[in-house]
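Observations on chain architecture
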Amino acid sequence: MDRAAELLFYVNGRKVLENNVDPETMLLPYLRKKLRLTGTKYGCGGGGCGACTVMISRYNPITKKIRHYPANACLIPICSVHGAAITTVEGIGSTKTRLHPVQERIAKCHGTQCGFCTPGMVMSMYTLLRNHPEPTLDQLTDALGGNLCRCTGYRPIIDACKTFCNTSGCCQSKENGVCCLNQGINELPEFEEGNKTRSKLFSEEEFLPLDPTQELIFPPELMMMAEKQLQRTRVFVGDRMTWISPVTLKELIEAKAKYPQAPVIMGNTSTGPEVKFKGVFHPVVISPDRIEELNVVNYASDGLTLGAGLSLAQVKDILADAILQLPEEKTQTYHALLKHLGTLAGSQIRNMASLGGHIVSRHLDSDLNPLLAVGNCTLHLLSTQGERHIPLNEQFLQKCPGADLKPEEILISVSVPYTRKWEFVSAFRQAQRQQNALAIVNSGMRVLFGEGDGIIRELSISYGGVGPTTICAKNSCQKLIGRPWNEEMLDAACRLVLDEVSLPASAPGGKVEFKRTLIISFLFKFYLEVSQILKRMDPVRFPSLADKYESALEDLHSRHHWSILKYQNVDPKQLPQDPVGHPIMHLSGIKHATGEAIYCDDMPAMEGELFLAFVTSSRAHAKIVSIDPSEALSLPGVVDVLTEEHLHGVNSFSFLGDPEKLLESDKAFCVGQLVCAVIADSEVQARRAAKRVKIVYQDVEPAIFTIEEAIQHNSYFAPERKLECGNVDEAFKVVDQILEGEIHMGGQEHFYMETQSMLAVPRGEDQEMDIYVSTQYPKGIQDIVASVLKLPANKVMCHVKRVGGAFGGKAFKTGFMAAITAFAANKHGRAVRCILERGEDMLITAGRHPYLGKYKAGFMNDGRILALDIQHYCNGGATLDESQLVLDIGLLKMDNAYKFPNLRCRGCVCRTNLPSNTALRGFGFPQAGLITESCITEVAAKCGLSPEQVRTVNLYKGIDQTHYKQEINAKTLIQCWKECMAMSSYSLRKAAVEKFNSENHWKKKGLAMVPMKYPIGFGSRAAGQASALVHIYLDGSVLVTHGGIEMGQGVHTKMIQVASRELGMPLSNVHLRGTSTETIPNANVSGGSVVADFNGMAVKDACQTLLKRLEPIISKNPRGTWKDWAQAAFAESISLSATGYFRGYESNMNWETGEGHFFEYFVYGAACSEVEIDCLTGAYKNIRTDIVMDAGYSINPALDIGQVEGAFIQGMGLYTTEELHYSPQGILYTRGPNQYKIPTIRDTPTEFHVSFLPPSENSNTLYSSKGLGESGMFLGCSVFFAIHDAVKAARQERGLFGPFMLNSPLTPERIRMACEDKFTKMIPRDKPGSYVPWNIPI
Ligand SMILES: Cc1cc2nc3c(=O)[nH]c(=O)nc-3n(C[C@H](O)[C@H](O)[C@H](O)COP(=O)(O)OP(=O)(O)OC[C@H]3O[C@@H](n4cnc5c(N)ncnc54)[C@H](O)[C@@H]3O)c2cc1C
Ligand code: FES
Ligand code: FES
C-alpha cells in the first residue's frame, strides 16, 4: 500500500494535487473554501436539494469512454475524486470569458429569482447536454428532478431548457392519438395578440447556439493515469480517519479482511448521511477505485449479472437495453426495477449510488430490495476465504447470521434471473411527492402460474416502508399457493398479508392506517395487472376485467409541460428606450447562472475568522439545571462558549411587543431554543464542540404543543381579537340552513435555499462593527446588534448584497442570531461567521402558523351566505414574534372575495412549547382564506350546488364595503373571475371531468376555481415609508441605493428600470450595489409585496429631484450626454446626489370599533386547477392551472409573472405535500429536504397558463403597478379544492354522500384515506388514546 498518497484530480481543467488531505473533507467545502469556487452552493448537505451539483467525468480505460455524470458535491468525500475531472459552474462559462448557452438561457428565460439554486440547475442541465445535446422533454425533467427551486415554480426553468430540445411547440404527448395543440377543450382561446397583449418573455433568436466542440476536454493526464496498470492501493491518513482506496480486487478483499468493520464507500449516499446526520464515525473506510470485477455486466443463460459497483443510473441503462434485447417474458423483473429506478431519488443520487451499496444498506424504504427479493436474486460475495453465493431473501434483508455478508466479505455482483413464461413481476410505490422522495410504502410482487392454468405455483410479496427493513409476506404467499387467481384469492390474500405484515399503531414514520391501506391496495393493483395480462395471453380461459377496474392500472394522465403567458404590451406612445413595462431580465440573472453572484457565505474568510455554532434545547418545556461547556472548551480550536451570563444586561430585545431573550439558561420553552453558542476556529470544530456541551434539564409540566391543548389550557398570548359587521345572530334566524364545521391547516417551512447566514466583522477602530447578513431587515439587525454591543447605531452597519430566498423567515429570528454572532466578534476582536445547517435552520426558525378554523354558516338554498361566524386559532409557538400581526391580518383578509353581510370573526394566538412561528409569504391570508373557502365548499355540498356557483353568488360586486368598512370596487375581481372561467374553459372541462369520472372507478379528476381579493398595505403610514439615494458621477454613470432587499423578487431590477425611466438613460448606465444601513438609514423590513412599490416611489423622488436640479443644464445642451451634463453641473456646483423619500400610504385601523382603512389597494385574481387522483394510492397530478391576475400596469411582466407562478407553486406545496412532523415530545422530525417535500419540477402543472388582466385604472401606486409578491400563494388552494372535488366524486360513486372534511395539507395519505372503499374498511384501526403516536398534529 502507498501510505499518505497524493490525491490528484482536475477541477475546471486545472490540476489539483493534495498531499495532506483530510479524508473527512467533502468535495463541497473543498471547492468553496479551499479552491474558492463558491458557485457550487450548500443547501442541505444530504443530497436532497441539488444546490451543490457538479459534473464528474471519469475515463474508463477498458471501454475507452468518458462518463460524465451529475453528482452532489456535499456527499462526495474528497478522496473519492482521485483521477476524476470535476466541472463546476465556474468551469463552463463566465461573464469574463464567454457564457455557456445553458447559463445564458436560464437567465434570459427568467429562470432565476434568488439565484441560489441556479448553479445547481445549470450543472444538471449542462451534464445532460454533454450526454444528450438534443434531449427529450422526459430526459430534461428527469435531469432536473434532483434540483429544488423555492422561487420560480420551475416553469421558466423548463422553458429555458426546452430551447435545447428538438421539439416544436407541441408537447409531444399524443393522448388518444391526438396532438395536444388540437384537443378541443384543452385548447386555449385565441389571444388577441396584436399590439395589446404579448405572450413572449424572451426571444430565442438571440441565444448563443450550443456547440459541443467548445466544451472542456477531458484532461489527457487523467486518461494516461487511468491507462497505467501499475497503480496500487492509496491510503490517505487524517487526524481521525484513514481512507484506503484499493485498485484491485485482491487488494480490496485484503483491506476488508484487515479492517472488517470499515464500510465500503461507493456512492457514499447511505454512509455519508449517516455520518453527517446521525453522528456515526468510521476511523477507517475502504473505497474501491475502478475495480473491473465490480462493474461486470454479464448476460448468462439464466439471467443478468450486474456488478455491485455499477451506479443505479448505469443499472437503469443496462436494464433498458436488456428489455430491448430480450423477449418480454424474460424481462418482467427488469421492467419492474426500471419503473422504480425512474423515480428513485434524483439524477445525481442515481449516478452516485451503487447497486451494491443500495442492497447492502438495506434501508427500510429501499425501492429495489423488495423487487430483488421477489425476483430470487443471488448475491456473489468474496473474501480472502473465498467465494460465496447467498440468496437476497428475507433472512438476508433481516441481517440474520448465516444469511448475511460476513464483515470481511465484499459484494461483487448480483444475479437477477430472467422471468419465465407465466411469471409476472410488478413494482408499486407511493411517496409524499412524485419524484425524489423516499417511498412511504413500496412493494415488489411476483407470481408464477402453472402452464396456462391460472393456478398459483409460486408467489412472493415484499414491502418496504412498513418495518425496520424490507418485509416479505412469506407465510401469506405460502398459503396462497395452489389457489386460482380470482377475487376470492385476492380477498384471502389481503387478509393474510394484513395479518402478517402488521404495523403497530406507533410505528416510526406514522401514517400507519395509510400504510396498511397501501399494503392491500398494491395487492389489488397486482391482482388486476396480472389478470389483465392473463386475459391478454389466453382470452378464452381468463375472464375480462370489469371495465370499472381498468382505470386502476393506468398511470395518472399527464402530458408534457407547456404554458401560455399573457401580459399587457406597453403603451405604443411610450418612449422606445423606456424599460418600464418590459420583461427585463433579473439584473443578477447571468451572475446567478455563472456562480458569480455573491451570497453571504461566499465572502472570503477574514484574517483570524472564527465560526459560531449554536447549542439548542433538546427539551420542550424544562428548567435548565446546568450547562457544562468544559468538554467543548477542551477541544482543539475552541475559543469560547457563550451563555446568557456573558450577555448579562443585554440579553433581551424587542422587535414587536414583548422582549425576547437571546440566549436562555434558566428555562427552555421549546426544542430548538438557543441556549449557548460555541465559537471555534473552524466550522468543523465549532460543530463538534457544540455536541459536547452538556445540559441538564428538569422537565416542567405541562408541555403544550397542539392548538387543542392550548385551548384546553387557555394558553394564549393575548385576549381574543374580534371583528364584526351586520347582525350575525339575527341573520342566523332567517337563513334556510345552518352548518358548523372546522378545518385544521398545518404549518409550512420557508425552505429558502440559502440557510441563515451572517458574518460579523469588528473593524478595530472606534468600536465599529460591520455585519453582513442574509436578511430582509438590515435596520432591525443594526438595532439589535447595537443594543447588544451597547453602541449607538451609527457604529454598527449591516450590509446585504442579496438574499438566497427569505419569504418572511429572515427578519427577527435572524436578528437574534446575528446579535449573538456580533457579540462574539466584539468579545474576541475577530470576525465571526455563522451559517446554519439546513436541519438547524428548520428547527430553530420555524415558519408558517398552523391554524384551526371553526365556522358556523347560515345560508339560503341558493348558496347565499347571510351569516358567518368564524373562529381562528393559530399556533404561535413559544414567543409572540409576529404572530399577533399574522392573526390580525388573517382576520382582516378572511372575507377573501366575498361579501358576507353579517360576519363575526374572532381569533387567538396560542402559546405553545414549539419554536416560534413567524411571517411567511401571505402572512395569515393563506390560512384564513382556506378556512373561508372550505366553509363555502361545505355550503355548496349542502345546497347541491358546485362550489363555484356558491362562490359566484357570494362575490363582492361593484362598489362595496369590507367587514371593517373599507371601501372596495370589485369590478376587477368580477373581471378576473369571468376571464378565468373563459380562459380555463371551465364549463366544458367541468363536463369533461364528470364524463371521465363516470367512466373511471379508481381514477378521478377534479376541477376547482377560486377567486381572490388580496389586500395590500401595512396598517400604518410609518411602516410604508421608504428612502433612496441616487448619485450621478462625473462620467454620467448613476448609482442607485434604496432600502429594499433583493431576495429574488427582482426589486433591484425594477429600481433600475425606475431610475432609467425617470432620468431617461439606458439601463446599462445605472448600477445598484446592494443594501446597507450606511447608505439608507431606518429602512423598513422588506416584505408584504410592497418592496418595489414603496422603494420605487423613493427612487423616483430622488431622480426627479436630480432632474429638476439639472433641468437648466440639460436645456442649455439638450443634445449633450449625461457625462456632459454631470460635468457641467459639477462646474456650476450643483449637487449630483439626491435622496428620495416616500412617506407611505395613509393607513389606519381601529380594533375597538372594528373599522379602518388598513389597506392601500387590492390585488384581484382567480385560479382554476384540474387534478387527477389515484383513489387506490392517494397519488395526484396537477394537470392544468389557469391563473388570471390583475397586475395593474406591470413594471416588469417577467418578474411579476415569476412572482405569481413561484408563489402559486409554493402555495400548492403548502396545501398538498409540505407536511411538518413533530414528535409527541415536541421535536421537529422534518429537518431537511429528505423529510420535508417542497414541490419539484415534476409537481408543476403540466399546463400552466398565466394571464395578466389589462389594467383598468390608474392609481397612486408606482406607475399604477401592483405588488404581486405574495398573493399567488393563496391561489395554490385551487389545487386543494380540485383534489377535494375529485375525492368527492370518488366518495359519491362509493355511495358516500354525506359531508366530509379534508384538512390541509391534502397529502396522498389524506386523499387515499378519504377515498373510502373496501380496502380502507378491511384494515385494522387503533383506538385513539390506546397508543403513543409517532407524531402529533400541531
Ligand atoms: C437524497 C437521497 C435520496 C434517496 N432516495 C431514494 C429513493 O427514492 N429510493 C431508494 O430506494 N433509495 C433512495 N436513497 C438511498 C440510496 O438508494 C442509497 O443510499 C444508495 O443506493 C446506497 O448506495 P451507495 O453506493 O451510495 O452506498 P454507500 O453509502 O457507499 O455504502 C452503503 C453501505 O453499503 C456497504 N457496501 C457498499 N458496497 C458494498 C460492497 N460492494 N460490498 C459490501 N458492502 C458494500 C458499505 O459498507 C456501506 O455500509 C436516497 C438517498 C439519498 C441520499
Ligand atoms: S447541498 Fe448537496 S444536495 Fe443539497
Ligand atoms: S431561484 Fe431557485 S431557489 Fe431561488
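Residues numbered from 1 in each chain as written. Chains lettered and ligands numbered in written order. Predicted model: local features only at pLDDT ≥ 70, side-chain atom pairs only at ≥ 80, totals over all residues. Heavy atoms only, no water.

Observations concerning the confidence of the model for the protein
When pLDDT drops low, the exact placement of atoms in the prediction is not to be read closely. Rules: By definition, pLDDT measures how confident the predictor is in each residue, and it falls between 0 and 100. Contacts are assigned to residue pairs that have any heavy atoms within 4.5 Å of one another.
When pLDDT is averaged along the protein, the result is 95; 97% of the residues meet or exceed 70. Confidence over residues 170–193 falls short of pLDDT 50; this stretch has 51 contacts with residues more than four positions distant or in other chains.

Topic: the pairing of strand 41 (residues 1003–1016)
Note the cut-off: Each residue's exposure class comes from its accessible area (1.4 Å probe, protein chains only) as a fraction of the maximum for that residue type: buried when under 20%, exposed when over 50%, partly exposed otherwise. Strands here are runs of E lasting at least two residues and helices are runs of H or I lasting at least four, both read from the DSSP assignment and numbered beginning at the N terminus. For two strands to count as paired, DSSP must find a minimum of two bridges between them.
Across the 14 residues that make up strand 41, a large majority, 14, are buried. Of the two faces of strand 41, the one carrying Lys1003, Lys1005, Leu1007, Met1009, Pro1011, Lys1013 and Pro1015 and the one carrying Lys1004, Gly1006, Ala1008, Val1010, Met1012, Tyr1014 and Ile1016 are both buried. As paired strands, strand 41 and strand 49 (residues 1161–1174) are joined by 14 bridges and run antiparallel to one another. Looking across to strand 49, one finds that Lys1013 is bridged to Tyr1164.

So, the pairing of strand 50 (residues 1180–1189)
Basically, it comes down to this: For the handedness criterion, the strands are oriented away from the viewer, and a crossover whose path from the first strand over the helix to the second runs clockwise is classed as right-handed.
Most of strand 50 sits inside the fold, with ten of its ten residues counted as buried. Looking at chain direction, strand 49 and strand 50 are connected through nine bridges and run antiparallel. Opposite Ser1169, over in strand 50, you have Thr1185 as the bridge partner. In this structure, the hairpin formed by strand 49 and strand 50 is closed by a connection of five residues, where Gly1178 is found at a positive phi of approximately 85°. Bridge count for strand 50 against strand 51 (residues 1247–1252) is six bridges, and the pairing is parallel. Looking at the pairing, Ile1187 lines up with Val1250 of strand 51. Viewed along the sheet, the connection from strand 50 through helix 36 (residues 1197–1215) into strand 51 turns out right-handed.

Observations concerning the site of ligand 1
Under the convention used in this document: Residue proximity to a molecule or strand is established when one non-hydrogen atom of the residue lies within 4 Å of it. In protein, a polar contact requires one atom able to donate a hydrogen and another able to accept it; more generally it is a pair of N or O atoms within 3.5 Å, and residues adjacent in sequence count only if both atoms are side-chain atoms. Areas reported as accessible are Shrake-Rupley estimates using a 1.4 Å probe. Residue values count occlusion only from the protein chains shown. Any residue outside Ala, Val, Leu, Ile, Met, Phe, Trp, Tyr, Cys, Pro, Asp, Glu, Lys and Arg is labelled polar, Gly included; the first ten of those are nonpolar and the last four are charged.
Neighbouring residues of ligand 1: 34 residues in total, closest Val264, Met266, Thr269, Ser354 and Asp367. In the model, an oxygen atom of ligand 1 is placed 2.8 Å from a nitrogen or oxygen of the Val264 main chain. In this structure, an oxygen atom belonging to ligand 1 sits 2.7 Å away from a main-chain N or O atom of Asp367. Protein contacts shield 93% of the accessible area of ligand 1, which totals 980 Å² for the unbound molecule. For the shell around ligand 1, the secondary structure elements donating two or more residues are helix 13 (355–361) and strand 14 (410–417). Along the lines of polarity and charge, the residues of the shell around ligand 1 split into 16 nonpolar, 15 polar and three charged.

Some words on a negative patch on the surface
Convention followed: Surface patches are defined over residues having more than 30% relative accessible area and no salt bridge, joining like charges when they lie within 9 Å and nonpolar side chains (Val, Leu, Ile, Met, Phe, Trp, Tyr) when within 5 Å. Put simply, a salt bridge is a Lys or Arg side-chain nitrogen that is within 4 Å of an Asp or Glu carboxyl oxygen. Charge assignment in this entry is limited to Lys and Arg as positive and Asp and Glu as negative, and neither His nor the chain termini are counted. Charge positions are represented by NZ for Lys, CZ for Arg, CG for Asp and CD for Glu.
Negative charge collects at one region of the surface, where Asp547, Glu550, Glu554 and Asp555 lie side by side. Note on placement: Asp547 falls in helix 19 (residues 547–550). Residue Asp547 is classed as exposed on the basis of its relative accessible area, which comes to 64%.

Examining the packing of helix 29 (residues 925–943) against helix 38 (residues 1277–1293)
Our working rule: In this description, a line fitted to the C-alpha atoms serves as the axis of each element, helices being fitted only across the stretch in contact, and the angle between N-to-C directions of two axes falls anywhere from 0 to 180 degrees. The scheme is simple: roughly parallel for angles under 35 degrees, roughly antiparallel for over 145, roughly perpendicular for 65 to 115, oblique for anything else. Left-handed describes a crossing in which the near helix is turned anticlockwise from the far one by less than a right angle; the clockwise case is right-handed.
It is the contact of helix 29 with helix 38, at a shortest axis distance of 11 Å, that shows an interaxial angle of 25°. The orientation of helix 29 with respect to helix 38, classified from their angle, is roughly parallel. Where helix 29 crosses over helix 38, the handedness of that crossing is right-handed. Of the residues in helix 38, those touching helix 29 at Leu930, Glu933, Ser934 and Thr937 are Cys1277, Phe1280, Phe1281 and His1284. Grouping the amino acids of the contact of helix 29 with helix 38 by side-chain chemistry returns four nonpolar, three polar and one charged.

Observations regarding the nonpolar core
Applicable threshold: Residues belong to a common nonpolar core when they are buried Ala, Val, Leu, Ile, Met, Phe, Trp, Tyr or Cys residues joined through side-chain atoms within 4.5 Å.
In terms of nonpolar packing, the biggest core is built from 311 residues, with Tyr463, Trp485, Ile771 and Ile1173 touching the most fellow members. Ranked by the residues each element gives to this core, the list is headed by helix 18 (residues 512–537), at 14 residues. Counting 74 residues, the second largest nonpolar core, distinct from the first, contains Val21, Ala84, Ile318 and Leu341.

Section: the packing of helix 25 (residues 778–789) against helix 26 (residues 812–828)
Helix 26 packs onto helix 25 with a crossing angle of 40° between their chain directions and a minimal axis gap of 9 Å. As judged from the angle between their axes, helix 25 and helix 26 are oblique. Here helix 25 runs over helix 26; the crossing is right-handed. Side by side, helix 25 and helix 26 meet where Ile781, Ile784, Val785, Val788 and Leu789 of the first sit next to Thr814, Gly815, Phe816, Ala818, Ala819, Ala822, Phe823 and Asn826 of the second. In terms of residue class, the contact of helix 25 with helix 26 is made up of ten nonpolar, three polar and no charged.

Some remarks on the pattern of salt bridges
Pairs may arise between side chains of opposite charge once their charged atoms sit close together. Using the criterion set out here, one finds 83 salt bridges in the structure. Residues Arg495 and Asp491 are paired through a salt bridge, measuring 3.4 Å at the closest nitrogen-oxygen approach. Of this pair, Arg495 and Asp491 both sit in helix 17 (residues 487–500), four residues apart, which is roughly one turn of that helix. A relative accessible area of 48% means that Arg495 is categorised as partly exposed. Across the salt bridge formed by Asp666 and Lys661, the nearest N and O atoms sit 3.8 Å from each other. Several salt bridges converge on common partners, so that one network encompasses Arg32, Lys33, Lys41, Asp601, Asp602, Glu609 and Arg833.

Concerning the sheet that holds strand 25 (residues 667–668)
Spatial strand order, 25-21-27: three strands in an open sheet with antiparallel pairing. Only two strands of the sheet have a single neighbouring strand rather than two, namely strand 25 and strand 27 (694–699). Examined bridge by bridge, strand 21 (residues 622–628) and strand 27 share six bridges and lie antiparallel to one another. Pairing of Ala622 across the sheet is with Asp699, part of strand 27.

Notes on the sheet that holds strand 18 (residues 471–472)
Pairing is antiparallel across the open sheet formed by four strands, whose spatial order is 15-16-17-18. Looking at which strands have only one partner, the edges of the open sheet turn out to be strand 15 (423–431) and strand 18. In this sheet, strand 18 lies alongside strand 17 (residues 456–464) in antiparallel orientation, the contact comprising two bridges. Each bridged residue has a counterpart across the sheet, and for Ser462 the counterpart in strand 18 is Cys472. Contacts from helix 11 (residues 332–343) reach strand 15 and strand 16 (439–449), with the element oriented near 15° to strand 15.

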